[in-house]
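# Structural overview for review
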Amino acid sequence: MLQAITKRLKREKRGISTVIVVMLSLVLVVMIVGNVVLWSYQMNQLDMDRMQETVTITDVKKHGSSGTSMDIKNTGPLSLRIVAVWISTSTTHQRYDADLFLNSGESVTYIREDIEFPKDAFVAKVITERGNVAVFSED
Amino acid sequence: MRRKKVKKLVKRFLRDKRAITPVLSHLLLTVVAVAIMSLATSATFMITTNLRETMGERVIVEDVWFNSATGTVDVYMRNVGKADSQVSGVYVNHVDESFNGPFRLEVNKHGWLRIAYSWDSGESYYIDIVTTRGTHVASYYKAP
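Computed from a predicted structure; not experimentally measured.

Scanning chain A for helices and strands turns up two helices and seven strands. Moving toward the C terminus, one meets the helices and strands of chain A in the order α-α-β-β-β-β-β-β-β. For 139 residues, the compact-globule estimate of 2.2 N^0.38 gives 14 Å, and the C-alpha radius of gyration of chain A, at 29 Å, exceeds that figure by more than 25%. By principal-axis analysis of the C-alpha atoms, chain A measures approximately 95 × 30 × 20 Å. Here the analysis covers contacts within chain A between residues at least 6 apart in sequence; of these, 62% occur between residues at least 24 apart.

A few words on the overall build of chain B. The number of helices and strands found in chain B is two helices and eight strands. When the elements of chain B are put in sequence order from the N terminus, they spell out α-α-β-β-β-β-β-β-β-β. For chain B, whose C-alpha radius of gyration is 31 Å, the value lies well above the compact-globule estimate of 15 Å for 144 residues. For chain B, the spread of C-alpha atoms along the three principal axes comes to 100 × 30 × 20 Å.

Glycine aside, residues mostly have negative phi, and peptide bonds are mostly found in the trans state. All names here are of chain B. Cis rather than trans, the peptide bond between G101 and P102 has omega equal to -5 degrees. Residue placement: P102 occurs in the loop between β4 (95-97) and β5 (103-105). Phi is positive for N93, close to 50 degrees, though the residue is something other than glycine. Within the secondary structure, N93 is located in the loop between β3 (85-92) and β4. Although it is not a glycine, H94 adopts a positive phi angle of roughly 70 degrees.

Residues and elements named next belong to chain A. Pairing is antiparallel in the open sheet, where four strands are placed in the order β4-β3-β6-β7. Only two strands of the sheet have a single neighbouring strand rather than two, namely β4 (93-102) and β7 (133-138). Neighbouring strand axes in the sheet, compared pairwise and without regard to direction, differ in orientation by 20 degrees on average. One ladder, built from six bridges, connects strand β3 (residues 80-88) with strand β6 (residues 122-128); its direction is antiparallel. Along β6, the bridge assignment pairs I82 with T128.

Attention shifts here to the environment of B:L39. You can see B:L39 is positioned in helix α2 (residues 20-55). The spatial distance from the C-alpha of B:L39 to the C-alpha of B:R3 is 44 Å, given a sequence separation of 36 residues.

Put simply, an interface is often sized by how much accessible area is lost when its parts join up. With 20 residues of chain A at the contact, the number on the chain B side is 18 residues. Residue assignment for the side of chain A that touches chain B shows that the elements contributing at least two residues are α2 (16-52), β3, β4 and β6 of chain A. Looking at the side of chain A that touches chain B, its residues break down into eleven nonpolar, six polar and three charged.

The next subject is the sheet that holds strand β2 (residues 67-74) of chain A. All names here are of chain A. Read from one edge to the other, the open sheet built from three strands follows the order β1-β2-β5, with strand pairing classed as antiparallel. Two strands close off the open sheet at either side, each with one partner strand: β1 (55-63) and β5 (107-112). Taking each pair of neighbouring strands and ignoring which way they run, the sheet shows an average axis angle of 20 degrees. As defined by bridge partners, β2 adjoins β5 across six bridges and the pair is classed as antiparallel. Across the sheet, the residue bridging to I72 is V108, located in β5.

Looking now at the domain arrangement of chain B. Along its sequence, chain B is carved into domain 1 (2-54) and domain 2 (57-142). If you average the C-alpha positions of domain 1 of chain B and of domain 2 of chain B, the two centres end up 54 Å apart.

Calculation rules
- Residues numbered from 1 in each chain as written.
- Chains lettered and ligands numbered in written order.
- Predicted model: local features only at pLDDT ≥ 70, side-chain atom pairs only at ≥ 80, totals over all residues.
- Helix = DSSP H or I, 4+ residues; strand = E, 2+ residues; numbered from the N terminus.
- Rg over C-alpha atoms; globule rule 2.2 N^0.38 Å.
- Contact = placed C-beta atoms within 7 Å.
- Pairing = 2+ DSSP bridges.
- Axes fitted to C-alpha atoms, helices over the stretch in contact; angles between N-to-C directions.
- Nonpolar A, V, L, I, M, F, W, Y, C, P; charged D, E, K, R; others polar.
- Domains from an automatic or database assignment.

This is the structure:
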């Protein structure tokens, strides 16, 4: 039975090119769809992580003679990285680069001697690597 | 001896003209097939790259400063996506405004986008920033 089918397949040459074209097209389609689906999944994962991330600034105080200390808490389920600190007053908006990791549920006091504690009302912000912002305002 | 054999073989090959047409046609068909497949593969690569870049574009606004010293609205932006980004238009209250263009942000880069707009204190403005791929970053901001 199997031998007969093999023999027939070997003899019958019609439709071979169609089959090859269909197979090659299929490979291309699978490549496109697979690539897009995988990338979409990866970006969705990034967006999900970003939505789950929550960080809060509980207090901003003067540290030493002119520095600033910030109490930051990660209240989300994921660890996060703070990449920037903003101190904004009515006259200036200043950005400072930062590099601080916080595990889930962790609280830290972030001390920066180079950030001058503002004399007037201010708004302090921290920016995470995923793009979330925590705000603290002091009148 | 060996040289003679090779010479004989070449002579025979040159004299024998049979089956040249099928060989040529097969060769041409192979060339055409390879060319078409290369085109298809390049197109696939281009399409997926464009799609990936469009899907991977993420830009955030870190800070908005209604700058009274310069009379502009300064927006600090950061590229948190997986593709480079370029701002193509800025709309304040749905009206196209000029900015310090071309404003291009590579992945993980950040910078000030300065919008030439005379704002009034206490007013709220809907600022919509559009990238070349069509991503919108829009929100309401109140001038101090």
